[in-house]
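These are the residues of each chain, in order.
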Amino acid sequence: MTTELEIGLYIFMLAGFLGYHIITRVPPLLHTPLMSATNAIAGISLVGSLVVAGADYGPLSTALGFIAVTCSSTNVVGGFLITDRMLKMFKTTKEQSDKHRRLRFDPKWMLTVPVLVVIPLVVIYMSEQLRVDAIYFFREVLPTQALMYFYIVSAALFILGLKGLSSPKYARKGMHAAALGMFMAVAGTLFHHEIVTYKWIIIGFIIGSVVGGAMGLRIPMTAVPQRTALSHSLGALAACLVGISEYFRHHGVLGTAVMTPLTFEVVVGGLTFTGSLMAAAKLQGILPGAPITYKGQNVFNLTLLAVIVACMVYLVVMPPSPVFFQVMVGLAFVFGLLLVIPIGAADMPVVIALLNSYGGLADASMGFVLMNKIQIITGSLDGTSGFLLSLLMCRAMNRSAINVLFGAFGKVEKETQAVAEAKGTVRSIAPDELVVLFDSMRSVIIVPGYGMAVAQAQHSVAELAKHLMKRGIDVKYAIHPVAGRMPGHMNVLLAEANVPYDQLYEMEQINPYFAQADLALVVGANDVTNPAAKYNKDSPLYGMPILDVERAKAIVVLKRSLAPGFSGVENELYYNPKCMMLFGDARESLNKLFAAMKS
């Protein structure tokens, strides 16, 4: 006879397989919304948190459950709000020009299905059951049946939501469906028979909704990577706390089938929590972007990981062991810190994707501990998406995940040698000289980078493109997969500036056009345009696919100085005879350029 564990494993594998085929069809244009959406869906840890916070398991479990509800609701509310903000910005040129187009989709219509289909069936079912035993029905049958069917519908809506991200046209509709699925999963959980009080659930949900709503509505698009990393940490912490609650609630007396996923849930949740905090600190500039290393660091980290795994095995084989459990949890938190600190800031797109995958695996493990099928499904989908995105980012940088995690990429000591070997002089250009240069142009390719985001120059870039197009100049945007701080970050920033997404070209699409371009205008991009990646075997960037900016007939770079990029590597493009530097803040430089155009 098939056991609950076997059913859970089947569901996990099938959900992962389905998630792989759905997520591989998401275009790079929507990778940042995908990351944010799966982050919100990973807030399914709220389901387990509700039960722990509302059940009468004891003061410790109630406190841990309350914190978990707060963290998870922050993740859910903030994640869906900021995802919706991003998706409604993506428009084609035709959609932007048609200001009076009719609204084809209203999220309220999604309620039509449960109203027209589910409710009549429920009424018929209830009438039959009430004839038998009304009291028994309301106390026992209704909560169980409602929970089961709500979870089934929410799982289908989550899958449809991710499927919608395969096209910008349907992405927002898909996210509305996923949000409805999350609402149904939470509503269904409130019928759980073990929940006896809603006091701490309500308080935690209010706090989390306020914090998450503020993050989702007020955080600028330039800070989306930091917010995503912070949300990873909150979702992982919720999973870790629920696991700790389950362990102490049962005094460590748990079977192998439960103890195995519980230890995995706590360890992965703990290291993801602290690791995500370190990633957010690096992205925010609180910690230095360069790797923080010391002698024997990799050996120490691997030894620490081995000790954690040994504790996990011991707890599975020889429970209960509270001391070993507490040591394991503490070391997991420490390992998360040490795992991300030696990783260079240039690898943050990969790190964020990996942390997203870890958070999904922690949620799936919670599902196995609580035998909650909806958590297994969503955790598998989230883990799959993060893992696939991390592989795509590694491929875009021609690096392996092992090299990212243990390579200490971006150490400045190596790159300073490249500066000494660089030959040639750096030429500068003034805004009025660039205006004159535009008069002879017929084709311009704009290359945005994180420097554009720091200067909040995306709106000025879009305005410049409009001026150039009015002059009859063909304008294209070149988007590198790892430009910015997370996958697809530049797409979101340009969409915020009302740049039609049909003007954005991925690296493979745009590279053949550089040779025919009269000008390549680089706005804050550094590592993704460095020619050293093609021929300099001593450069850490060697082998990384880059944008072929050096093939353009002329190159103008808007940058504050000649300082190395986020990876700490000097850009040899600046010494190219065809390259001219327009020094200064990107937005201020573009404002001067507009003034020169008017004069």
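Residues numbered from 1 in each chain as written. Predicted model: local features only at pLDDT ≥ 70, side-chain atom pairs only at ≥ 80, totals over all residues. Heavy atoms only, no water.

Asker: I'd love a proper account of the overall build of the chain, names of residues and values included.
Answerer: If you tally the helices and strands in the chain, you get 24 helices and seven strands. By residue count, 57% of the 599 residues in the chain fall in the buried class. A sequence separation of at least 24 residues applies to 82% of the contacts in the chain between residues at least 6 apart. Of the roughly 25,400 Å² that the chain leaves accessible, carbon and sulfur atoms contribute 65%. (Helix = DSSP H or I, 4+ residues; strand = E, 2+ residues; numbered from the N terminus. Buried < 20%, exposed > 50% of the residue type's maximum accessible area, 1.4 Å probe, protein only. Contact = heavy atoms within 4.5 Å. Areas by Shrake-Rupley, 256 points an atom, 1.4 Å probe, with all protein chains shown as cover.)

Asker: Describe the pairing of strand β2 (residues 443-448), listing the residues and the values that go with them.
Answerer: Among the six residues that make up β2, six are buried, leaving the element largely enclosed by the rest of the structure. Here β2 shows a buried face lined by S443, I445 and V447 and a second buried face lined by V444, I446 and P448. With four bridges connecting them, β2 and strand β3 (residues 474-479) associate as parallel partners. What sits directly across from S443, in β3, is D474. (Pairing = 2+ DSSP bridges.)

Asker: So what's going on with the packing of aromatic side chains? Which residues, and what values?
Answerer: Under the criterion given, the structure shown has nine aromatic pairs. Where Y247 meets F248, the ring centres are 5.4 Å apart and the plane angle is 90°; that geometry is what we call edge-to-face. Here Y247 falls in the buried class, since its relative accessible area comes to 1%. Here a set of aromatic residues connected by ring pairs shows up, and it is made of Y247, F248 and F325. Sitting over the ring of Y57, R249 keeps its end group 3.7 Å from the ring centre. In this arrangement the basic side chain of K476 is found over the ring face of Y513, its NZ or CZ atom lying 4.8 Å from the centre. (Phe/Tyr/Trp six-rings, centres within 6.5 Å; stacked < 30°, edge-to-face > 60°. Lys NZ or Arg CZ within 6 Å of the ring centre and 35° of its normal.)

Asker: Before we move on, can you summarise the sheet that holds β3 with the specific residues and values?
Answerer: Strands in a sheet are paired, the pairing made by backbone hydrogen bonds, and the direction either parallel or antiparallel. Taken together, seven strands build an open sheet; the order of strands is β1-β7-β6-β5-β2-β3-β4 and the sheet is parallel. For this open sheet the edge positions go to β1 (427-428) and β4 (504-506), each flanked by a neighbour on one side alone. Where β1 lies against strand β7 (residues 579-583), two bridges are found, and the strand directions are parallel. Bridging across to β7, S428 finds its partner in M581. With respect to the sheet, helix α18 (residues 431-438) is in contact with β5 (519-523), β6 (555-559) and β7, its orientation differing from that of β7 by roughly 135°. Sheet contacts for helix α24 (residues 586-598): β5, β6 and β7; angle to β6, the most-contacted strand, approximately 125°. (Axes fitted to C-alpha atoms, helices over the stretch in contact; angles between N-to-C directions.)

Asker: Give a detailed account of the confidence of the model for the chain, specifying residues and quantitative values.
Answerer: Low pLDDT means the predicted atomic positions in that stretch should not be read closely. When pLDDT is averaged along the chain, the result is 83; 85% of the residues meet or exceed 70. The weakest mean pLDDT in the chain belongs to helix α17 (residues 412-421) at 44; the strongest belongs to β2 at 94. Of the regions scoring below 50 in pLDDT, residues 100-118 engages in 16 contacts with residues more than four places distant in sequence or in other chains. Segment residues 409-422 is flagged for pLDDT under 50; beyond a separation of four residues in sequence, or across chains, it makes 20 contacts in the model. (pLDDT = per-residue confidence, 0-100.)

Asker: Describe the pattern of salt bridges, listing the residues and the values that go with them.
Answerer: The final tally for this structure, using the stated rule, is nine salt bridges. Notably, a salt bridge pairs D585 with R560, separated by 2.8 Å at the nearest N-O pair. Of this pair, D585 sits in the loop between β7 and α24 while R560 sits in the loop between β6 and β7; the two residues are 25 residues apart in sequence, bridging distant segments of the chain. The structure contains a network of salt bridges with shared partners spanning K534, D548, E550 and R551. (Salt bridge = Lys/Arg side-chain N within 4 Å of Asp/Glu carboxyl O.)

Asker: Please provide a residue-by-residue account of the environment of V186, values included.
Answerer: Along the chain, V186 falls in helix α8 (residues 168-189). Using a relative accessible area of 15% as the deciding quantity, one classes V186 as buried. Between the C-alpha atom of V186 and that of F150, which follows or precedes it by 36 residues, the distance is 8.8 Å. Here V186 is in contact with L46 and L50, once residues within four sequence places are set aside.

Asker: Describe a nonpolar patch on the surface, listing the residues and the values that go with them.
Answerer: Together, L302, L305, V309, V313, Y314, V317, M318, V323, F324 and V327 line one region of the surface with nonpolar side chains, adding up to about 860 Å² of accessible area. Looking at the nonpolar patch, the element that brings in the most residues is helix α12 (residues 297-317), giving six residues. As for its position among the elements, Y314 is in helix α12. Given the relative accessible area of 32%, Y314 is considered partly exposed. (Patch = residues over 30% accessible without salt bridge, like charges linked within 9 Å, V, L, I, M, F, W, Y side chains within 5 Å.)

Asker: A description of the environment of D84 should follow, citing residues and the corresponding values.
Answerer: Mapped onto the elements, D84 comes out in helix α4 (residues 59-87). Taking the C-alpha atoms as reference, D84 lies 6.5 Å from R172; in sequence the two are 88 residues apart. Every residue in contact with D84, bar those within four places of it in the chain, is listed here: R172 and H176. A polar contact is formed between the side chain of D84 and the side chain of H176, at a distance of 3.3 Å. (Polar contact = N/O pair within 3.5 Å; in protein donor to acceptor, adjacent residues only side chain to side chain.)

Asker: I'd love a proper account of the packing of helix α3 (residues 45-54) against α8, names of residues and values included.
Answerer: At a minimum axis separation of 9 Å, α3 and α8 run at an interaxial angle of 20°. Relative to α8, the element α3 lies roughly parallel. The interaxial crossing formed by α3 with α8 has right-handed handedness. Mapping the contact onto sequence places L46, V47, L50 and V51 in α3 and A185, V186 and T189 in α8. Here the contact of α3 with α8 is built from residues that sort into six nonpolar, one polar and no charged. (Parallel < 35°, antiparallel > 145°, perpendicular 65-115°, else oblique. Left-handed = near helix turned anticlockwise from the far one by under 90°. Nonpolar A, V, L, I, M, F, W, Y, C, P; charged D, E, K, R; others polar.)

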